[in-house]
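# Analysis of the macromolecular model
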Amino acid sequence: MAKVKFYKTPDIPLEMHKVRIVQKLFLPKVEDRVKYMNEAGNNTFLLQNRDVYMDMLTDSGVNAMSDRQQAAMMIADDSYAGSETFNRLTSKLTEIFGTKYFLPTHQGRAAENILAEAFVNPGYVIPMNFHFTTTKAHITRLGGTVEEVIVAEGLKPTSDSPFKGNFDIPRLRALIEEVGVERIPFIRIEAGTNLVGGQPLSLENMLEVAAICKEYGILSVLDASLLQDNLYFIKVREAACKDMTIREITRKIADNMDIIYFSARKLGFARGGGICTHTEELCLKMKEFIPLYEGFLTYGGMSVREMEAITVGLEETMDEDIISQGPMFIEYMVNELVKYGVPVVTPAGGLGCHLNASEFVPHIPHTQYPAGALGAALYIAGGVRGMERGSISEQREPDGTERYAELELLRLAVPRRVYTLSQIEYAIDRVKWLYDNRNLVGGLKFVEEPAVLRFFFGRLAPTSDWQQKLADKFRADFGDSL
Ligand code: F0G
């Protein structure tokens, strides 16, 4: 993908695939978009997909599958126990990670549940570069706490640092000394750090953390859900790795981790998850939870068809042409918005383009959820569905007080191989319009706030009639355009 240069046209990302199955889309009128957003409680998770033109909510389970994945689904071995499909998936994981044991789970958070059940006790502390929503919820549910030791650069929205997901190594050491190894069951390394804009870690940093784990006798756990993008960034941004293949980088990381878990809704371009270990001893610590929570040991809650698709998807993840598509489209979107002066997280990470709501709508205070408000506004502006990654996505402190997010982001995920560049251009255009009209965007307040993972199904209302004013301005500017 990166290798093709243009003659007269400025270089743009060029797809190394063609599309052979399509789905019709609809774009409701702006007046209907205001209505639908309010029916959805101003929470983009609660919109109906039929009312969404560009679904940039997530890249989880919605990436386009390849012809080979589809073909592989036909040979799935549908048996409750001892399925050949499981053996094929395990062999592929052994081939790319070098791990011997595989525990299947229905998705990534199920793997997190099992890790937490197996290793977290009240009073335990789990250091990580940064938390992910479901990871933290499982750890705190069992009385543990999460300590984030990301480099300072990671929390700066704009930067030219190539690896903003890195651990701050001196802080990690100081934390271990302060807490004591007996209260630290594992250190979690999140590839492609989700909540700070899909920012990668360097191979060097991951290996340093793994070495610290060995030195102190603490388990190293890699969350490989976003490894795909991270591998690409290591290859193109880390000078020492430029001559390594994606497969070699993967193996180098995996050889140094005790446990690797992943959401196969992201890694492997299908739907599922699982946990890999090098040793039987570690596998046995978690094994009994699989039939209890997930399903028998050879499917773990996944459909065997999906497992076949994951096996092929993992192989395709080793192909730089395939894994570069997402990051290159995201980089294009980020660069176009930066040129217009729109505040976005830089450098471009994986996963999606992240609008920095704190600067986009600085007049909206934390208490009125600027990133959530921006999400509602962008749906009204263009039928584009993003995901709030700010204070609404945080959980309240144990004493019930709000924990405001370090970064108030609206994530515009770029599902792999799903949207064309003209659709990305459309999203960019509507973000630019919204930026020029940002003063019209107002805040939100909770009307229904669930106690756990409130961002998924909490309902909010606008603090004024700002959405109507925004829709009126849209009509004035765009006439009868959808
Ligand atoms: N870890 C990371 C880094 C993730 O990004 C996700 C999911 C999970 C774990 C949980 O996996 O969804 O299969 O249970 N991220 C999705 C997202 C939800 O939209 O970013 P899951």
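Scoring rules and cut-offs
- Residues numbered from 1 in each chain as written.
- Predicted model: local features only at pLDDT ≥ 70, side-chain atom pairs only at ≥ 80, totals over all residues.
- Heavy atoms only, no water.
- Core = buried A, V, L, I, M, F, W, Y, C linked by side-chain atoms within 4.5 Å.
- Buried < 20%, exposed > 50% of the residue type's maximum accessible area, 1.4 Å probe, protein only.
- Contact = heavy atoms within 4.5 Å.
- Phe/Tyr/Trp six-rings, centres within 6.5 Å; stacked < 30°, edge-to-face > 60°.
- Helix = DSSP H or I, 4+ residues; strand = E, 2+ residues; numbered from the N terminus.
- UniProt positions renumbered as here; feature names shortened; annotations may be inferred.
- 1 Å grid on protein atoms, 1.4 Å probe; cavity = no way out; pocket = protein on both sides within 12 Å on 5 of 7 lines; lining within 4 Å.
- Points joined across faces, edges and corners; volume = space filled by probe spheres on them.
- Pairing = 2+ DSSP bridges.
- Axes fitted to C-alpha atoms, helices over the stretch in contact; angles between N-to-C directions.
- Near = heavy atom within 4 Å.
- Polar contact = N/O pair within 3.5 Å; in protein donor to acceptor, adjacent residues only side chain to side chain.
- Nonpolar A, V, L, I, M, F, W, Y, C, P; charged D, E, K, R; others polar.

This part covers the nonpolar core. By size, the foremost hydrophobic cluster in this structure holds 60 residues, and its most contacted members are Leu355, Ile424 and Leu434. Non-local contacts of Leu355, meaning those with residues more than four positions away in its chain, are made with Leu337, Val342, Pro343, Val344, Phe360, Leu374, Glu408, Leu409, Leu410, Leu412 and Val431. Counting residues in each nonpolar core, the second largest holds 59 residues, with Leu231, Ala254, Tyr299 and Val304 among its members.

Tallied over the entire structure, the rule returns 16 aromatic pairs. An angle of 15 degrees between the planes, with centres 6.1 Å apart, marks the rings of Phe289 and Tyr293 as stacked. One end of the pair, Phe289, and the other, Tyr293, are both in helix H11 (residues 289-294), 4 residues apart, so they sit about a helical turn from each other. Accessibility expressed as a relative area gives 38% for Tyr293, which makes it partly exposed. Measuring from ring centre to ring centre gives 5.0 Å for Phe360 and Tyr435, while their planes differ by 75 degrees; the resulting arrangement is edge-to-face. Taken together, the residues span a long stretch of sequence, with Phe360 in helix H15 (residues 357-360) and Tyr435 in helix H17 (residues 421-436) at a distance of 75 residues. Each member of the pair, Phe360 as well as Tyr435, is classed as buried.

As a further point, take the UniProt feature "modified residue: N6-(pyridoxal phosphate)lysine" (unreviewed entry) in the protein. As recorded in UniProt, the feature "modified residue: N6-(pyridoxal phosphate)lysine" (unreviewed entry) lies at Lys266. Here Lys266 lies in the loop between strand E7 (259-263) and strand E8 (273-277). For Lys266, a relative accessible area of 11% puts it in the buried group. Among residues more than four places away in sequence, those in contact with Lys266 are Thr58, Asp59, Ser60, Asn63, Asn194, Ser225, Leu226, Gln228 and Leu351.

A word on empty space enclosed by the protein. Enumeration over the complete set of coordinates arrives at 6 cavities of 30 Å³ or more. Within this model, the largest cavity holds a volume of roughly 110 Å³. For the lining of the largest cavity, the secondary structure elements donating two or more residues are helix H16 (370-382) and strand E11 (387-389). For the lining of the largest cavity, the element with the highest residue contribution is H16, accounting for 4 residues. The space that makes up the second largest cavity amounts to roughly 90 Å³.

Within the secondary structure, Glu288 is located in the loop between helix H10 (280-287) and H11. Overall, the relative accessible area of 57% leaves Glu288 in the exposed class. When the C-alpha atoms of Glu288 and Arg251 are compared, they prove to be 28 Å apart, with 37 residues separating the residues in sequence.

All right, on to unusual backbone geometry then. Residue Pro347 follows Thr346 across a cis peptide bond; omega there is -5 degrees. The topology assignment puts Pro347 in the loop between helix H14 (325-340) and strand E9 (352-356). Even without being glycine, Phe269 reaches a positive phi, approximately 50 degrees. Looking at the element boundaries, Phe269 is found in the loop between E7 and E8. Even without glycine at this site, Leu453 takes up a positive phi of about 40 degrees. Examined against the element boundaries, Leu453 turns out to sit in the loop between strand E13 (444-448) and helix H18 (454-457).

Pairing within the open sheet is antiparallel, and its 3 strands lie in the order E9-E12-E11. In this open sheet, the two edge strands, each paired with only one partner strand, are E9 and E11. Each strand axis lies, on average, 30 degrees off the axis of its neighbour in the sheet, ignoring direction. Of the strand pairs in this sheet, E11 and strand E12 (residues 409-413) are connected by 3 bridges, and their pairing is antiparallel. What sits directly across from Arg389, in E12, is Leu409. Sheet strands touched by H16: E9, E11 and E12. Its angle to E12, the strand with the most contacts, is close to 45 degrees.

Here the focus is the site of the ligand. Taken together, the neighbourhood of the ligand is formed by 17 residues, with Thr58, Arg109, Asp223, Ser263 and Arg411 sitting nearest. Taking Thr58, its side chain carries an N or O atom lying 2.6 Å from an oxygen atom of the ligand. A distance of 2.6 Å is found between an oxygen atom of the ligand and a side-chain nitrogen or oxygen belonging to Arg109. Residue contributions to the shell around the ligand peak at 3 residues, all from helix H4 (residues 108-119). Grouping the constituent residues of the shell around the ligand by class yields 2 nonpolar, 8 polar and 7 charged.

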